[in-house]
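# Descriptive structure summary
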Amino acid sequence: MTVDAGDRRQPGATVLVVEDDAETRRALARELTARGFRVEEAPDGRTALERWEARRPDVVLLDLGLPDVEGLSLIGRIRRDPATPIIILSGRFAEGEKVEALERGADDYVTKPFGLDELHARIRVALRRAAGPGADAAGRLSIGPLVLDAERHAVTLDGRPIELTPREFEILRVLLANVGRVVTKGRILRAVWGEAYRAEEGYVYVHVSQLRRKLAAADREGRLGDFIVTEPGIGYRIREMEPTMAGDNRGT
């Protein structure tokens, strides 16, 4: 089985910008790229869903006034993955619309016109929250010498970077957010690939195998040999490390 074409190495967290105004969308893409993000663009709801299923972005910036679908309905489609933050971008000022967007699952709401510094700060906060309750204040998930930084979209072992593809990164993030608990293959598929891939469990096997190899290659002391434990017929879990093995690596 080959790795799908959407699984290429890219620096930084991925932001999907869903905005029908081309000038605004391009300006956002340009500014976010300059700040270290990888950006996917979508001018309408149909393209947004295609980009969402293909790329599984880390954050979605969503304009409510799309030409083909109601932005509020798009929230429900994306919210099938509870971990991905959605930030609403809209020129609408009605308080009721803001409340409805948040109740449908949006994480934040920014009214146009807004400053890029403000938007950047909102994205950083959303990424830190998405890392889960096990993350530190900066949005980093740590276990022993391994640190996953959701904001920087980076993984380090003893402070040394490990190059992972976007799919491998997302799998590791899902597992680290559930240390000690079994995560089913179906849940990994939905979180990393989307609802359309619910029958493609072979994808998970291939990518977990690659992730294990990369972690083992980076581990000079052999601590991560059985770090990702297979639960036959069910899924995977992260092995909890002994306290003596876990240093404080959150400052890397």
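Going by the structure above, here's the rest.
This section reports on the structure supplied with the text.

Thresholds applied
- Residues numbered from 1 in each chain as written.
- Predicted model: local features only at pLDDT ≥ 70, side-chain atom pairs only at ≥ 80, totals over all residues.
- Heavy atoms only, no water.
- Helix = DSSP H or I, 4+ residues; strand = E, 2+ residues; numbered from the N terminus.
- Buried < 20%, exposed > 50% of the residue type's maximum accessible area, 1.4 Å probe, protein only.
- Pairing = 2+ DSSP bridges.
- Axes fitted to C-alpha atoms, helices over the stretch in contact; angles between N-to-C directions.
- Contact = heavy atoms within 4.5 Å.
- Phe/Tyr/Trp six-rings, centres within 6.5 Å; stacked < 30°, edge-to-face > 60°.
- Expected span 1.5 Å × (residues − 1).

Okay, unusual backbone geometry next. With omega at -5°, the peptide bond leading from Lys-112 into Pro-113 counts as cis. Tracing the chain through its elements places Pro-113 in the loop between strand 5 (108-111) and helix 5 (116-130). Of note, the phi angle at His-153 is positive, near 55°, even though the residue is not glycine. Positionally, His-153 belongs in the loop between strand 7 (146-149) and strand 8 (154-157). For His-153, a relative accessible area of 14% puts it in the buried group. In the Ramachandran plot, Asp-158 falls in the positive-phi region, its phi being about 55° despite a non-glycine side chain. When you line up the elements, Asp-158 lands in the loop between strand 8 and strand 9 (160-162).

Sheet faces and side chains relate simply in a regular strand, where the side chains alternate between the two faces. Bridge count for strand 11 (residues 228-231) against strand 12 (residues 235-238) is 4 bridges, and the pairing is antiparallel. When the sheet's bridge partners are listed, Ile-228 is paired in strand 12 with Ile-238.

Turning our eyes to something else, we now look at the sheet that holds strand 1 (residues 14-18). If you trace the 5 strands from one edge of the open sheet to the other, you get 2-1-3-4-5, paired in parallel fashion. Only two strands of the sheet have a single neighbouring strand rather than two, namely strand 2 (38-42) and strand 5. Going from strand to strand, the sheet's axes swing by 20° on average, the running direction of each strand aside. Both strand 1 and strand 2 contribute to a ladder of 5 bridges, which runs parallel. Paired with Thr-14 across the two strands is Arg-38, which belongs to strand 2. Contacts from helix 3 (residues 71-78) reach strand 1, strand 3 (59-63) and strand 4 (86-90), with the element oriented near 160° to strand 3.

Aromatic ring pairs are described here by two measures, namely the spacing of the ring centres and the angle between the planes. One pass over the structure, following the stated rule, counts 1 aromatic pair. With centroids separated by 5.8 Å and ring planes inclined at 45°, the aromatic side chains of Trp-193 and Tyr-203 adopt a geometry described as tilted. Residue Trp-193 is located in the loop between helix 7 (185-192) and helix 8 (201-218), and its partner Tyr-203 is located in helix 8; the two are separated by 10 residues in the primary sequence. Exposure remark for Trp-193: the relative accessible area of 0% places this residue in the buried category.

The antiparallel open sheet is built from 3 strands, whose spatial order is 10-12-11. The sheet terminates laterally at strand 10 (183-184) and strand 11, the two strands that pair on one side only. Across the sheet, helix 6 (residues 166-176) touches strand 10, strand 11 and strand 12, and the angle it forms with strand 12 is around 65°.

With 18 residues, helix 8 should reach 26 Å at 1.5 Å per residue; the first-to-last C-alpha distance of 26 Å fits that figure. Taken as a whole, helix 8 has its buried residues at Tyr-203, Val-204, Val-206, His-207, Val-208, Ser-209, Gln-210, Leu-211 and Leu-215.

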